[in-house]
Structure formats: C-alpha cells, structure tokens
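Residues per chain are reported as follows:
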Amino acid sequence: SARRIRRGPVGRAVDLRGRPDDDDDDDGLDYAPGRDGPPGPLARSLLTLLRRSPCRRLLPLRVLLLSLHLACTLAAFWILDSVKEPTLAVLVGGDLGRHQPRAKVLSFVVVVACALCVEWTE
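Residues numbered from 1 in each chain as written. Predicted model: local features only at pLDDT ≥ 70, side-chain atom pairs only at ≥ 80, totals over all residues. Heavy atoms only, no water.

Engineer: Report on the overall build of the protein chain, specifying residues and quantitative values.
Structural biologist: Looking only at helices and strands, the protein chain features three helices and two strands. Counting across all 122 residues of the protein chain, residues that qualify as buried make up 11%. Sequence-distant contacts, at least 24 apart, represent 18% of the contacts inside the protein chain between residues at least 6 apart. (Helix = DSSP H or I, 4+ residues; strand = E, 2+ residues; numbered from the N terminus. Buried < 20%, exposed > 50% of the residue type's maximum accessible area, 1.4 Å probe, protein only. Contact = heavy atoms within 4.5 Å.)

Here it is as structure tokens:
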C-alpha cells in the first residue's frame, strides 16, 4: 500500500503510525534474495508451503531459511566427520600413524584456502 514507508524491527512492514501492515500483496516471499527473475519450481513450492504455514507469523522467512541452512551444514559435517577416518584407513591400507598427521595438515590448509577464497569473492 502507499502508506508503507519503513520496515519494523523484524522486517515486517508498518504504516505511518507504526502498526503492522498486513497487506498480503507484498509479503516478502515473492523472490529469493539475491536472484534475478522468478524462483524455480522447488523454491516456488517451498515458498507456497511457507505462505500457508501457521508459523509464518511467528518466524520471519529469513530466520527459517538460516536455521535450515545451519541444520543442513551441521548434518553434513557430522556425517563427513564420521566417514573421514575409516575412509583414510582404507585408502592407506590401515597405516594411519604415518599418513593421518599429513592428512590433517593438508585438510587445515585446504579449509583456510577455501575460507580466504570465500572472503575475497564477497
């Protein structure tokens, strides 16, 4: 609506008197952040699900997506962490005492290099 001029403390649109503007025409769920053009079919179905969700008013979309991203990151880390040592043991024929220190140093160097690349590209 034309009265909407600013965002509230959690990104919710408010009118000139500070009351929430519940106009569903622009609810912030139309496009994914940072993308040009309409969302793909998976994103469209996720956005539709979030629009109909009863907790939509409780948690903003950003909080839901960030918590989902964190959960997926932690799950991937735990899975890879439990698979890492047995895989290395199979690759080196069980001689972990000789190869594991080098593998850990190499892993650290690769992680630092990846972190620096991410920082420089942003």
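Here the narrative resumes.
Engineer: Kindly report on a nonpolar patch on the surface, identifying the contributing residues and their values.
Structural biologist: On the surface, a nonpolar cluster with roughly 640 Å² of combined accessible area is contributed by Val105, Phe108, Val109, Val112, Leu116 and Trp120. Assessed through its relative accessible area of 68%, Trp120 is described here as exposed. (Patch = residues over 30% accessible without salt bridge, like charges linked within 9 Å, V, L, I, M, F, W, Y side chains within 5 Å. Areas by Shrake-Rupley, 256 points an atom, 1.4 Å probe, with all protein chains shown as cover. Salt bridge = Lys/Arg side-chain N within 4 Å of Asp/Glu carboxyl O.)

Engineer: Describe the packing of helix α2 (residues 61-91) against helix α3 (residues 96-121), and please don't skip the residues or the numbers.
Structural biologist: At their nearest, the axes of α2 and α3 sit 10 Å apart, and the two run at 125° to each other. In terms of axis orientation, α2 runs oblique to α3. Crossing geometry of α2 relative to α3 is assigned as right-handed. Contacts between α2 and α3 involve Glu85, Leu88 and Ala89 from the former and Leu96, Gln100 and Ala103 from the latter. When the residues that make up the contact of α2 with α3 are grouped by side-chain class, the tally is four nonpolar, one polar and one charged. (Axes fitted to C-alpha atoms, helices over the stretch in contact; angles between N-to-C directions. Parallel < 35°, antiparallel > 145°, perpendicular 65-115°, else oblique. Left-handed = near helix turned anticlockwise from the far one by under 90°. Nonpolar A, V, L, I, M, F, W, Y, C, P; charged D, E, K, R; others polar.)

Engineer: Which residues make up the state of the cysteines, and what are the values?
Structural biologist: Following the criterion strictly, the structure yields zero disulfides and no others. Lacking any disulfide linkage, Cys117 is separated from the closest cysteine sulfur, that of Cys114, by 6.4 Å. Cys117 sits in the partly exposed class, given a relative accessible area of 44%. (Disulfide = S-S within 2.5 Å.)

Engineer: Tell me about the confidence of the model for the protein chain, and name the residues and values.
Structural biologist: A residue-level look at the protein chain finds 62% of positions with pLDDT of 70 or above and a mean pLDDT of 75. Looking at the elements of the protein chain, mean pLDDT is at its lowest for strand β1 (residues 6-7), recorded as 48, and at its highest for α3, recorded as 92. (pLDDT = per-residue confidence, 0-100.)

Engineer: If you had to explain the environment of Ser67 to someone new, which residues and values would you point to?
Structural biologist: Within the secondary structure layout, Ser67 lies in helix α2. For Ser67, a relative accessible area of 39% translates into the label partly exposed. Only 2.9 Å separates the side chain of Ser67 from the backbone oxygen of Leu64, close enough to count as a polar contact. (Polar contact = N/O pair within 3.5 Å; in protein donor to acceptor, adjacent residues only side chain to side chain.)

Engineer: An account of α2 is requested, with residue identities and associated values reported.
Structural biologist: Spanning 31 residues, α2 covers 43 Å between terminal C-alpha atoms, matching the ideal 45 Å at 1.5 Å per step. At Lys84, α2 shows its strongest bend, of approximately 35°, with the proline Pro86 following within four residues. A positive backbone phi angle near 70° is found at Gly93, which sits one or two residues after α2. (Expected span 1.5 Å × (residues − 1). Bend = angle between axes of the 7 residues up to and from the residue.)

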